[in-house]
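Below are the chains, spelled out letter by letter.
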Amino acid sequence: MATVQTSVFDIFKIGVGPSSSHTMGPMRAAQLFINALGKNNAIKHIRARLHGSLGATGRGHATDRALQRVLPEQLFNSDTDIEWLPDSQDLPHPNTLDLIAEDVNGTVLLEQRYVSVGGGLVEQVMPDGTRVRDCQFVPARPVHHVSSAAEILTICKAHQLKWSDIQLSNEALTHEEVFAKLNEIWKTMRDCIQRGISTEGQLPGPLGVRRRAPEAYRRLLKDGDNRAPLRDPLELRIHAYALAVNEENAAGGVVVTAPTNGAAGVLPAAYAACQDIHGLTDEQIARGLLTASLIAGLIKLHASLSGAEMGCQGEVGSAAAMAAGGLVEMFGGTPEQVEMAAEIALEHHLGMTCDPVGGLVQIPCIERNVMGAVKALHAATMAMRSEGTHLVSLDRAIFAMRDIGRDMHTRYKETAQGGLAKVMVDGSHVRC
Ligand code: SF4
């Protein structure tokens, strides 16, 4: 039985927006390709083929610019050297890309296929179809071999451990190194929030979406926003912070995958607002990140964290489950309550489609992070008001998400061909 092999640093990675699978993943693939080419003066030209979701929404997600950032300008021109191939038939993964290097006569010197599996992680597809994982991040070295939440709860009970202890034990780095790196990640998340709440203006792209985080934050400081029905200072802060992160992401700013770029605002918004209001320490936050990464590891093992595979349930749904479980641990809940909180949050995102309007990570993505963060808060609260016993387990919810994701039509999985993306283009579908 396969076990969770995911490091906390696989899940939380510092990068740039707007999309981990369509920006960070292809950038990483391009870097691996450059490494594989080495110094070869015969190479005169590099081409790319973007398949499936990358072909369908890569322009809106800035995949072309991402590749151009890594591939040398004298060999590759993102305006002319990319084939956009949205057909998703017979692909090893919905996010598949081929990189091809040629000599002056057009003879292929090297061709490699990669899949961008979500959260900025890539795998190389070998000629026999096997996939080799990219190990740029510190790989987990399991002490505790776990493949389910049920096993995690058994280990926690037997050894008086928390979820975060299990993830920490499985990391390759020393505990001090893990906490130091997590502090850096947390600082990057907070910096992103700070930039988002203080940057006015319009997001890039043809939709003309206005940044709303600064105004949301100003109102929060001024009067608690007494013009809105919701007045809870914690939730209002979560609103402003989630908008801030995802507006920064949409603008191509520096963000931390959590577990993806599109869902990057859920967890930091919930954690930062709780830190501000309840005085959580950075060490508690680090524990929350470790817990969240173990939940993500389970989802990645049995389903996927990729919108192109699972729809948005795999991105914002996973982020909410991670945030909810981490919140419970930070507030002193039991391992059973962590499991319950993650399950509640995931359960109430099941079936959620990925239908970004115009292929941009803006509508519905930005607001969706606000909703995911608030759901995480309520899921954690519900779990901590119970004893952690419930009918649907986290393991079952993950399997349900996997099955729903497999059954979901491709047009609802990051292709911008269905749902909101379609009705915004084709108004005839709207009935008044
Ligand atoms: S709809 Fe969800 S899964 Fe799709 S791009 Fe937006 S955040 Fe990502």
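Remember, predicted model here, so these are calculated numbers, not experimental data.

Enquirer: Got a minute to help me understand the overall build of the protein chain in this structure?
Expert: The secondary structure content of the protein chain amounts to 17 helices and 8 strands. Against the 2.2 N^0.38 benchmark of 22 Å for 432 residues, the protein chain shows a C-alpha radius of gyration of 21 Å, consistent with a compact globule. Each principal axis of the C-alpha atoms in the protein chain carries an extent, and together these give about 70 × 55 × 40 Å. Out of the 432 residues in the protein chain, the part that is buried amounts to 54%. Contacts in the protein chain between residues at least 24 apart in sequence constitute 78% of all its contacts with a sequence separation of at least 6.

Enquirer: Sorry if this is basic, but what is going on with the domain arrangement of the protein chain here?
Expert: When the parts of a complex come together, some accessible area is lost, and that lost area is often used as the size of the interface. Annotation of the protein chain at the domain level lists domain 1 (19-133) and domain 2 (149-427). Listed as interface residues are 21 residues of domain 1 and, on the opposing side, 23 residues of domain 2. For the side of domain 1 that touches domain 2, the secondary structure elements donating two or more residues are helix 2 (20-37), helix 3 (52-57) and strand 5 (108-118). Looking at the side of domain 1 that touches domain 2 residue by residue, the class counts come to 6 nonpolar, 14 polar and 1 charged.

Enquirer: What should I look at first to understand the pairing of strand 6 (residues 121-125) in this one?
Expert: Here 5 bridges tie strand 5 to strand 6, and the two strands are oriented antiparallel to one another. Its bridge partner being in strand 6, R113 is matched across the sheet by V125. Hairpin connection from strand 5 to strand 6: 2 residues lie between these consecutive antiparallel strands, with G119 at a positive phi of about 65 degrees. For strand 6 and strand 7 (residues 131-133), the ladder comprises 3 bridges, and the chain directions are antiparallel. Within strand 7, the residue paired with E123 across the bridge is R133.

Enquirer: Which parts of the structure should I look at to understand helix 5 (residues 149-159)?
Expert: Owing to its 3.6 residues per turn, the α-helix brings residues three or four apart onto one side. Looking only at helix 5, the buried set comprises A149, I152, L153 and C156. The buried residues of helix 5 occupy one face: seen down the axis, they fall within an arc of 100 degrees. Facing away from the buried side of helix 5 by more than 90 degrees, the exposed set consists of A158 and H159. If you follow the buried residues of helix 5, they end up packed against helix 6 (163-170), helix 11 (282-302), helix 14 (335-347) and helix 16 (394-407). Directly beyond the C-terminal end of helix 5, a positive phi value near 55 degrees is found at Q160.

Enquirer: Would you take a moment to explain the packing of helix 14 against helix 15 (residues 365-384) for this structure?
Expert: Helix-helix packing: each pair is described by the crossing angle between the helix axes and the interaxial distance. As a packed pair, helix 14 and helix 15 sit with axes 8 Å apart at the nearest point and diverge in direction by 140 degrees. By the angle between their axes, helix 14 is oblique relative to helix 15. The way helix 14 lies across helix 15 gives a crossing that is right-handed. Between helix 14 and helix 15, the contacting residues are Q337, M340, A341, I344 and A345 on the first element and K375, A376, A379, A380, M382, A383 and M384 on the second.

Enquirer: In this structure, what is going on with unusual backbone geometry? I would like to understand it.
Expert: Note: most peptide bonds trans; most residues except glycine with negative phi. Look at the link from A258 to P259: it is a cis peptide, with omega at 0 degrees. Tracing the backbone shows P259 in the loop between strand 8 (254-256) and helix 10 (266-278). Of note in the backbone geometry, E414 takes a positive phi value of approximately 60 degrees without being a glycine. Of note, E414 is situated in the loop between helix 16 and helix 17 (420-425). Its identity as a non-glycine residue notwithstanding, A416 has a phi of 60 degrees, on the positive side. With respect to the element layout, A416 can be found in the loop between helix 16 and helix 17.

Enquirer: Whenever I open this one, the sheet that holds strand 7 confuses me. Can you help?
Expert: Pairing between the strands of a sheet comes from backbone hydrogen bonds, and it takes one of two forms, parallel or antiparallel. In spatial order, the strands read 3-2-4-5-6-7; together these 6 strands make up an open sheet with mixed pairing. The strands lining the two open edges of the sheet, one partner per strand, are strand 3 (82-85) and strand 7. Neighbour-to-neighbour, the strand axes of this sheet turn through a mean angle of 25 degrees, independent of strand direction. In the packing of helix 2 onto the sheet, the strands contacted are strand 4 (95-102), strand 5 and strand 6, and the crossing angle to strand 5 comes to about 150 degrees.

Enquirer: Looking at this structure, how should I read the nonpolar core?
Expert: One broad trend across soluble globular proteins is that nonpolar side chains are buried collectively. Among the nonpolar cores identified, the biggest contains 103 residues, and V266, A270, A323, A324, A341 and A376 are the most heavily contacted of them. What A376 contacts, discounting residues up to four positions off in sequence, is V266, A270, A320, A323, A324, L327 and A345. In terms of nonpolar packing, the next biggest core, distinct from the first, is built from 24 residues, A48, L50, A101 and V115 among them.

Enquirer: Where do I start with the packing of helix 11 against helix 13 (residues 316-330) in this structure?
Expert: Look at helix 11 against helix 13: their axes get within 8 Å of each other, and the N-to-C directions meet at 140 degrees. Classified by the angle their axes make, helix 11 and helix 13 are oblique. Considering only the axes of helix 11 and helix 13, their crossing is right-handed. For the pair helix 11 and helix 13, contact is made by Q284, I285, R287, G288, L289, T291, A292, I295, A296 and I299 and by S318, A321, M322, A323, G325, G326, L327, E329 and M330, respectively. Along the lines of polarity and charge, the residues of the contact of helix 11 with helix 13 split into 11 nonpolar, 6 polar and 2 charged.

Conventions and cut-offs
Residues numbered from 1 in each chain as written. Predicted model: local features only at pLDDT ≥ 70, side-chain atom pairs only at ≥ 80, totals over all residues. Helix = DSSP H or I, 4+ residues; strand = E, 2+ residues; numbered from the N terminus. Rg over C-alpha atoms; globule rule 2.2 N^0.38 Å. Buried ≥ 20, exposed ≤ 12 C-beta atoms within 10 Å, placed from the backbone. Contact = placed C-beta atoms within 7 Å. Domains from an automatic or database assignment. Nonpolar A, V, L, I, M, F, W, Y, C, P; charged D, E, K, R; others polar. Pairing = 2+ DSSP bridges. Arc of directions from axis to C-beta. Axes fitted to C-alpha atoms, helices over the stretch in contact; angles between N-to-C directions. Parallel < 35°, antiparallel > 145°, perpendicular 65-115°, else oblique. Left-handed = near helix turned anticlockwise from the far one by under 90°. Core = buried A, V, L, I, M, F, W, Y, C linked by C-beta atoms within 7 Å.

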